[in-house]
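Residues per chain are reported as follows:
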Amino acid sequence: MERWPALELASTIRHDGDGGVIDDLATVQGTTHWIQEQGDLLAGHIAAGELTADEELRLGIIELRQAVRALFARVVSPAPPSPADAHRLMRPDRATAHLNAVAAREPVAPQLEWPDEEAPCARVLSAETDPRVRLLAALARAAIGFLTGPQRTQLRSCTAPRCVRYFVKSHGRQEWCKPSCGNRARAARHYRRQRAVADDGSAAPSATSATSAEPNSD
């Protein structure tokens, strides 16, 4: 399954499997673990697997995540955004400005590499020496690439009960981010239907009571 750094960042807020929401960036240690897991996605930009977070970097990534999730909410509108932060979303204009500002912290230049007998490839050349600046800028650029790419039109907010994820729709009939969410959504839908039938049955008057309630025609 294809992965995108912007979606991975947004997904650090997720359902904890027990009815609540967990934040993978809640601690410096958790942030370091998440950064190191992104090593393959950020290869060519930074050696993420060797980077250790501090509190300043953690807060910087969280602010960038707020911008990304606000713009994701704009993408899926008028459908509802993720319920995890729907009540405290950054304004879209502020989110856009923050994303652009973070991306601009690292001036980069693309460089063509074309080894003998191999396909050409591009890498990013940077004069920035601070790996934390490079990480934030790389994440911001990745988010800009995601939001301007074809996958934007397939971005959805999962509507399954308790889920707070955004996901990229991979086929025409996909409604939820993963099969377990689909199972929960179908179970909840079935329960609502059964409850509606039960409520309608209890509200409808019986034939006997309906007859006795009619006025005497004699």
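Residues numbered from 1 in each chain as written. Predicted model: local features only at pLDDT ≥ 70, side-chain atom pairs only at ≥ 80, totals over all residues. Heavy atoms only, no water.

## Side note on the nonpolar core
Step number 1: In terms of nonpolar packing, the biggest core is built from 40 residues, with Ile 35, Ile 61, Phe 72 and Leu 135 touching the most fellow members.
Step number 2: Elements supplying a minimum of two residues to this core: helix 1 (5-10), helix 2 (28-37), helix 3 (55-76), helix 4 (92-103), helix 5 (131-147) and strand 6 (166-168).
Step number 3: A total of 11 residues in this core trace back to one element, the largest contributor, which is helix 3.
Step number 4: Setting aside chain neighbours within four positions, we find Leu 135 in contact with Ile 35, Leu 42, Ile 46, Leu 51, Leu 57 and Ile 61.
Step number 5: Among the nonpolar cores identified, the runner-up in size contains seven residues, and Phe 167, Trp 176, Cys 177 and Cys 181 belong to it. (Core = buried A, V, L, I, M, F, W, Y, C linked by side-chain atoms within 4.5 Å. Buried < 20%, exposed > 50% of the residue type's maximum accessible area, 1.4 Å probe, protein only. Helix = DSSP H or I, 4+ residues; strand = E, 2+ residues; numbered from the N terminus. Contact = heavy atoms within 4.5 Å.)

## Description of the packing of aromatic side chains
Step number 1: Tallied over the entire structure, the rule returns three aromatic pairs.
Step number 2: With a centroid separation of 5.3 Å and 40° between ring planes, the pair formed by Phe 72 and Phe 146 is classed as tilted. A residue pair is termed long-range when its members are at least 10 positions apart, and Phe 72 in helix 3 and Phe 146 in helix 5 qualify at 74 residues.
Step number 3: For Phe 146, a relative accessible area of 2% corresponds to the buried category.
Step number 4: Between Phe 72 and Tyr 166 the ring centres are 5.4 Å apart and the planes differ by 75°, which places this aromatic pair in the edge-to-face class. (Phe/Tyr/Trp six-rings, centres within 6.5 Å; stacked < 30°, edge-to-face > 60°.)

## Looking at the pattern of salt bridges
Step number 1: Under the definition given, this model contains 11 salt bridges.
Step number 2: Across the salt bridge formed by Arg 134 and Glu 106, the nearest N and O atoms sit 3.0 Å from each other. Separated by 28 residues along the polypeptide, Arg 134 in helix 5 and Glu 106 in the loop between helix 4 and strand 3 (108-113) bring together distant segments of the chain.
Step number 3: Assessed through its relative accessible area of 3%, Glu 106 is described here as buried.
Step number 4: A network of salt bridges, in which partner residues are shared, links Arg 3, Glu 8 and Asp 40. (Salt bridge = Lys/Arg side-chain N within 4 Å of Asp/Glu carboxyl O.)

## Here's the deal with the confidence of the model for the chain
Step number 1: With 82% of its residues at a pLDDT of 70 or more, the chain shows a mean pLDDT of 85.
Step number 2: Within the model, the stretch residues 206-218 combines pLDDT values under 50 with zero contacts to residues more than four positions away or in other chains. (pLDDT = per-residue confidence, 0-100.)

## Notes on the packing of helix 2 against helix 3
Step number 1: Interhelical geometry of helix 2 versus helix 3 gives an angle of 65° and a closest axis separation of 9 Å. On the basis of their axis angle, the class for helix 2 and helix 3 is roughly perpendicular. Crossing geometry of helix 2 relative to helix 3 is assigned as left-handed. When helix 2 is examined against helix 3, the residues Val 28, Thr 31, Trp 34 and Ile 35 are found in contact with a partner set consisting of Glu 55, Leu 57, Arg 58 and Ile 61. (Axes fitted to C-alpha atoms, helices over the stretch in contact; angles between N-to-C directions. Parallel < 35°, antiparallel > 145°, perpendicular 65-115°, else oblique. Left-handed = near helix turned anticlockwise from the far one by under 90°.)

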